[in-house]
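# Inside the fold
Residue-level listing of the chains:
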Amino acid sequence: MALLVSIFKPLVYISLPVLLLQSIAATSRTGRYYARQTLYVGTMVTVAACSIVFAAGLTVVGRKFDVNYVVAKTFYLLARNVLGIRVEVEGQEHLDSARPAVLMANHQSMLDVLVVGRLMPKQTSIMSKKSLRYSPLGPFMSMSGAIFVDRGNNARAIASLDAAGALRRRMRISLWMFPEGTRTSGEVPDMRPLKKGGFHLAVQSQLPIVPIVTENYWRLYHKGVFDSGVIKVRVLPPVPTAGLAAEDIPELVARVRTQMLENLREISVVPPSQASRAEEDQGGKGSEAGTRAGPEPTCVDAGESSVSLVSSISTRSSVGTEEDEGMILVGRPA
């Protein structure tokens, strides 16, 4: 009996704050938003505190590049059950077939940590700005094999990327990064221009690029809203870099961004405001066509029209935050 009490007593103490926050979340939408944010960040802090132990243990047994895998999976399992947010993945086979690779994902908010937790492969490290080496996360990141980039010194940044690329190809270690360098959040799915650092690394080391596209989850998470639901992720086929040189990087960047943006718009839920606007536009075009040309329908390229519609309003609806050079930042949504 004493053994059971010693086991369950700490669990009871831990569960009390969770039950209290869930009660607050049930009172109002605003209460739900702040309560769920507290739960989410609290889960991150708890796992981060344990990550030092994970990193030290795995480093001792020679598996330092599996630290991110263990920490990410632990966080996802906890946060999924606490918040009721599940990540569905399409194209998982592309992650398994391309090893090592440079994994590039679009970046929206701190909720991207859930996506990382669901997808992070074994033998994978992350890219970060140099200043985080001296933060509380520094020891864990150093032990997990993170790449620290000095963005204030271009020559040093390129040198560190080149050395990291050679090491990753030799040891078959993949790299996860967010090439936009800035979080982009808005009702309409969009992406910022991609920074070239990761592409230089991929070309220099001749590693394939695996684009990872997370749907626009604005409906689930933005300021004042934090709901449960499903986040869809699509892993695209690897983009080879074999035979490419530095002069090919601009075209490579444009090609990868185009693929990611097209898939982002394809898998994202149409915002209610844009759905109603599209219906109004269709209704107006239909009545006008009926007046001038009778009932015969006209052919419209739906893909092209939807892209032009999104592009025309993306500059008004997207919100970027501070640069993060590939790291996930914890902050409030726009």
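Reading the values: the criteria
Residues numbered from 1 in each chain as written. Predicted model: local features only at pLDDT ≥ 70, side-chain atom pairs only at ≥ 80, totals over all residues. Heavy atoms only, no water. Phe/Tyr/Trp six-rings, centres within 6.5 Å; stacked < 30°, edge-to-face > 60°. Helix = DSSP H or I, 4+ residues; strand = E, 2+ residues; numbered from the N terminus. Buried < 20%, exposed > 50% of the residue type's maximum accessible area, 1.4 Å probe, protein only. Lys NZ or Arg CZ within 6 Å of the ring centre and 35° of its normal. Core = buried A, V, L, I, M, F, W, Y, C linked by side-chain atoms within 4.5 Å. Contact = heavy atoms within 4.5 Å. Salt bridge = Lys/Arg side-chain N within 4 Å of Asp/Glu carboxyl O. Lys, Arg positive; Asp, Glu negative; His and termini not counted. Polar contact = N/O pair within 3.5 Å; in protein donor to acceptor, adjacent residues only side chain to side chain. pLDDT = per-residue confidence, 0-100.

## As for the packing of aromatic side chains
Applying the stated criterion across every chain yields a total of five aromatic pairs. Look at Tyr-40 and Phe-226: their rings are 6.1 Å apart centre to centre, the planes differ by 65°, and that puts the pair in the edge-to-face class. Placement of Tyr-40 in helix α2 (residues 29–60) and of Phe-226 in strand β9 (residues 225–226) is noted, with a sequence separation of 186 residues between them. This pair shows no difference in class: Tyr-40 is buried, exactly as Phe-226 is. An aromatic cluster is built from Tyr-40, Phe-75, Tyr-221 and Phe-226, whose rings are joined through pairwise contacts. Lying over the aromatic face of Phe-226, Arg-36 brings its terminal NZ or CZ to 5.1 Å of the ring centre.

## Concerning helix α5 (residues 112–119)
The buried count for α5 comes to seven of eight residues, which makes it a mostly enclosed element. Of all the residues in α5, the buried ones are Asp-112, Val-113, Leu-114, Val-115, Val-116, Gly-117 and Leu-119.

## Brief notes about the nonpolar core
Of all hydrophobic cores here, the largest spans 45 residues; its most connected members are Tyr-40, Leu-111, Leu-114, Trp-176 and Ile-212. Elements represented by at least two residues in this core include exactly α2, α3 (67–83), β1 (85–90), β2 (102–105), α5, β7 (209–214) and β10 (229–235). If sequence neighbours within four positions are ignored, Ile-212 has contacts with Leu-95, Leu-103, Met-104, Ala-105, Asn-106, Leu-119, Trp-176, Val-233, Arg-234, Val-235 and Met-260. Formed by 28 residues, the second largest nonpolar core is a distinct cluster that contains Met-127, Val-149, Ala-202 and Leu-261.

## As for the pattern of salt bridges
Scanning all chains against the criterion turns up eight salt bridges. For Arg-86, the salt bridge is made with Glu-88, and the minimal N-O distance between the two is 2.9 Å. Overall, the relative accessible area of 40% leaves Arg-86 in the partly exposed class. The exposure class of Glu-88 is partly exposed, given its relative accessible area of 38%. In this structure, the salt-bridge partner of Glu-251 is Arg-255, at a minimum N-O distance of 3.1 Å.

## Overview of the side chain of Arg-36
Mapped onto the elements, Arg-36 comes out in helix α2. Comment: no salt bridge for buried Arg-36; closest opposite-charge side chain is Asp-227, at 5.8 Å. At a separation of 2.7 Å, a polar atom in the side chain of Arg-36 contacts the main-chain carbonyl oxygen of Phe-226. A polar side-chain atom of Arg-36 sits 3.4 Å from the main-chain carbonyl oxygen of Asp-227. With residues near it in sequence (within four places) discarded, Arg-36 still touches Leu-83, Ile-85, Phe-226, Asp-227 and Ser-228.

## Considering the confidence of the model for the chain
Of all residues in the chain, 68% attain a pLDDT of 70 or more, and the chain-wide mean is 76. When pLDDT is averaged over each element of the chain, β7 comes out on top at 98 and helix α11 (residues 302–317) at the bottom at 34. In this model, residues 287–332 is a region of pLDDT below 50 whose contacts with residues beyond four sequence positions or in other chains number 81 contacts.

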